[in-house]
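Structural features, examined
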Amino acid sequence: MGSLRVAGLGWAAAASPEWGVRRSRRCCRGVPLARPRAAAASLGAGQLRVGTEHGWLWDCRGGGARDYAREMEVAVRVVQVACTLCQRVQDSLLRPGPDAAAGGGRVHAKLDRSPVTVADWGVQATVSWLLSSSFHDENISIVAEEDDETLSSSDGATLLESVVEAVNGCLVEARNYGLRSPEKELGAHDVIQAIRKCSSTGGPKGRFWVLDPVDGTLGFVRGDQYAIALALIEDGEVILGVLGCPNYPMKKEWLNYHQKYYRLMSKVAPPPLGSWHKGCVMYAQKGCGQAWMQPLVHDFGKLNWHHPREIQVSSISDPISATFCEPVEKANSSHSFTAGLAQSVGLRNQPLRVYSMVKYAAIARGDAEIFMKFARAGYKEKIWDHAAGVVIIQEAGAVVTDAGGRPLDFSRGVYLEGLDRGIIACSRALLHRRILDAVDVSWNSSTL
């Protein structure tokens, strides 16, 4: 990507090989920056060089806002590690070997009968340990989906061994991502404690991280789309979000197909060596007005910033040309109601049904224009299913509210309390307004 010129822009020091960063002195509106230390003197006040392996500076302090460079750098790197763990576990699920019977490749059921795998617990333990290590345990509070009940049970010993193995297999490589590795392998007790540390209940005050270790576990176990979602919330506001989408195709046409077809076609006609054809990490900070994505370390072999791409929502505002996303699962959403809404506002394209927060990713990248979700009575949306995706699409230019037009409230614990009927996210305000109006007209005749 050579060099990038931004008028009137100055900055200070590069990052160290690990997570620590020196703060820049001036605002660059959220551009991810990197440079070798030796190159610092050669860069003028308006010239930024992107693409050193360890150096990265995120600076978005317009109007005197707080600098979150350190938090953003750590979060992106941590999600990269988590993506690697997930890809390895998913490979074991799709191509079971002799270790699958031991628990590493099996799918388990939680008390609510939802699926869970080694990746769910492994990512939660890994992210928990890396965040605590990176910030030296300084007031680290994490809200996350999983608990250790199954792993700590009398029947969970073999499963716990598989989780410990997966965690250590990634943490030993943490330095490749610019993070610290533990001095020695974690034991079962260490992994359980890391999972237990993610027991915050959120709320309106203070700072906490929000993690969904594997959003869309059903898609994950079926070899399809899933996401790793990490967000930082302060005083009830989502400050930054990072979304890892390991199976996201760079060509939007492939979103309409199950990943097994993509894998098959990739074998028949392999993509060019070194090309960025699948998988990404997206990230954004509240108020920057920009969102970015980068390729996966797992696929490119090292962490670098040679290929960051700014992402923006679609410019389509005509419903006839718009594509809307909705969940694959029918258990906690109404396809019939969204189908009626789509018809009433003039949407003609078939819905894009994908698992997980990949729906938010599709809007942020401009691959879809609308996301609608209307839960059935009694279902409550959880903050980890939306926090990272919401801030990313907002900074990419989208509008997201509940069906009453109110912002989503992340300040009331682990649930999106007070949600009016459902969630509507649109790339353009005009589309958003039309759907809100259609909901008001149709709601009383629905069975939700």
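Sequence order as written defines the numbering, with residues in each chain counted from 1. Totals for whole chains, interfaces and linings use all residues, but because this is a predicted model, local features are given only for residues with pLDDT of at least 70 and pairs of side-chain atoms are given and counted only at 80 or more. Only heavy atoms go into the side-chain values, all of them from the structure, while hydrogens and water stay out.

As recorded in an unreviewed UniProt entry, the protein chain goes by the name 3'(2'),5'-bisphosphate nucleotidase, listed as coming from Miscanthus lutarioriparius. UniProt positions are given in the numbering used here, feature names are shortened, and annotations may be inferred rather than shown by experiment. In the Sequence similarities (unreviewed entry) part of its UniProt record, the protein chain is described as follows: "Belongs to the inositol monophosphatase superfamily." In the Cofactor (unreviewed entry) part of its UniProt record, the protein chain is described as follows: "Mg(2+)".

A few points about the sheet that holds strand E16 (residues 370–374)
Within the open sheet, the five strands sit side by side as E15-E14-E16-E18-E17. Their pairing is mixed. Looking at the sheet topology across the chains shown, the edges are occupied by strand E15 (352–353) and strand E17 (399–402). When DSSP finds at least two bridges between two strands, those strands are taken to pair. The secondary structure listing takes helices from DSSP runs of H or I that are at least 4 residues long and strands from runs of E that are at least 2 residues long, numbered from the N terminus. Both E16 and strand E18 (residues 422–426) contribute to a ladder of five bridges, which runs antiparallel. By the bridge assignment, Met 372 is partnered in E18 with Ile 424. Only heavy atoms enter the contact rule, under which two residues are in contact if any of them lie within 4.5 Å. Between N-to-C directions, angles span 0 to 180 degrees; the directions come from axes that are lines fitted to C-alpha atoms, helices contributing only their stretch in contact. With respect to the sheet, helix H9 (residues 335–345) is in contact with strand E14 (324–326), E15 and E16, its orientation differing from that of E16 by roughly 135 degrees. Its contacts with the sheet place helix H10 (residues 358–365) against E14, E15, E16 and E18, and it is angled at close to 155 degrees to E16.

Some points on the UniProt feature "binding site: Mg(2+)" (unreviewed entry) in the protein chain
Residues given the UniProt feature "binding site: Mg(2+)" (unreviewed entry) here are Glu 145, Asp 212, Asp 215 and Asp 385. Sequence-wise these annotated residues cover 241 residues; spatially they are packed, their C-alpha atoms never more than 9.4 Å apart. Relative accessibility under 20% of the residue-type maximum defines a buried residue, over 50% an exposed one, and the middle range a partly exposed one, all with a 1.4 Å probe and only protein chains included. The partly exposed category is assigned to Glu 145, whose relative accessible area is 28%. Relative to the helices and strands, Asp 215 is located in strand E8 (residues 207–215). Exposure remark for Asp 215: the relative accessible area of 8% places this residue in the buried category. Leave out the neighbours within four places in its chain, and Asp 215 touches Tyr 226, Ala 227, Ser 356, Met 357 and Asp 385.

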